[in-house]
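Notes for the structure review
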Amino acid sequence: MATRIYVGNLPYTIGNEQLAQLFSAYGDVAEASVVMDRDSGQSKGFGFVEMNDDAAASNAIATLNGTALDNRTIRVSQAQPRAERSNGPRRSRDY
DNA sequence: GTTGAGCGTT
């Protein structure tokens, strides 16, 4: 089972590899990505981590949630499903 | 700075 984790309130100094290493301490990280702004390339302040072991993921969430990283108190929780990028909600012609 | 895209214009 894979668990996807949302990590919010991240410092802009955090990258996807640092995020991966942060969570890899609690279990095997399948995927880790910090959301970057497409235009500026800067971190949006949050990211996502996917772990194969849901127990390790839950442990990582419980441990890392509410902890201060750099100078920010990060928010860690299970991620919500993301919109489909192939056929997302079109807002052109919003009636 | 708090839930991810991409779009090249439909």
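Residues numbered from 1 in each chain as written. Chains lettered and ligands numbered in written order. Predicted model: local features only at pLDDT ≥ 70, side-chain atom pairs only at ≥ 80, totals over all residues. Heavy atoms only, no water.

1. Describing the overall build of chain A
Helices and strands together make up the secondary structure of chain A, namely 2 helices and 6 strands. Along its sequence from the N terminus, chain A presents helices and strands in the succession β-α-β-β-α-β-β-β. Buried residues in chain A amount to 28% of all 95 residues. Considering only contacts within chain A whose residues lie at least 6 apart along the sequence, 59% involve residues at least 24 apart. (Helix = DSSP H or I, 4+ residues; strand = E, 2+ residues; numbered from the N terminus. Buried < 20%, exposed > 50% of the residue type's maximum accessible area, 1.4 Å probe, protein only. Contact = heavy atoms within 4.5 Å.)

2. Thoughts on the side chain of serine 43
Examined against the element boundaries, serine 43 turns out to sit in strand 3 (residues 43-51). A relative accessible area of 6% places serine 43 in the buried class. A distance of 3.1 Å separates the side chain of serine 43 from the backbone nitrogen of glycine 45, its partner in a polar contact. (Polar contact = N/O pair within 3.5 Å; in protein donor to acceptor, adjacent residues only side chain to side chain.)

3. A few points about the pairing of strand 2 (residues 29-36)
Here 6 bridges tie strand 2 to strand 3, and the two strands are oriented antiparallel to one another. Its bridge partner being in strand 3, methionine 36 is matched across the sheet by serine 43. Between strand 2 and strand 3, which pair antiparallel in sequence order, lie 6 residues; one of them, glycine 41, sits at a positive phi of approximately 80 degrees. (Pairing = 2+ DSSP bridges.)

4. A closer look at helix 2 (residues 54-64)
Of all the positions in helix 2, only Ala56, Ala57, Ala60, Ile61 and Leu64 are classed as buried. Looking down the long axis of helix 2, one finds its buried residues gathered within 140 degrees of arc, a one-sided arrangement. The opening residue of helix 2 is aspartate 53, an N-cap whose side-chain oxygen sits 3.0 Å from the backbone nitrogen of alanine 55. Looking one or two places after helix 2, you find glycine 66, whose phi comes out positive at around 80 degrees. (Arc of directions from axis to C-beta.)

5. Observations regarding the nonpolar core
With 18 residues, the main nonpolar core has Ile5, Val7, Leu19, Phe23, Val49, Met51 and Val76 as its most contacted residues. Looking at this core, the elements with two or more residues in it are strand 1 (3-8), helix 1 (16-24), strand 2, strand 3 and helix 2. Sorting elements by how many residues they give to this core places helix 2 first, with 5 residues. Not counting residues within four places of it along the chain, the set of residues in contact with valine 76 comprises Ile5, Tyr6, Val7, Phe23, Ile61, Leu64 and Asn65. (Core = buried A, V, L, I, M, F, W, Y, C linked by side-chain atoms within 4.5 Å.)

6. Quick look at the sheet that holds strand 6 (residues 75-78)
The sheet built from 4 strands is open, its strands ordered 2-3-1-6 with antiparallel pairing. Pairing within the sheet leaves two strands with one partner each, and these edge strands are strand 2 and strand 6. Sheet twist, expressed as the mean angle between neighbouring strand axes with direction ignored, is 20 degrees. Those strands touched by helix 1 are strand 1, strand 2, strand 3 and strand 6, and its axis lies near 140 degrees from that of strand 2. (Axes fitted to C-alpha atoms, helices over the stretch in contact; angles between N-to-C directions.)

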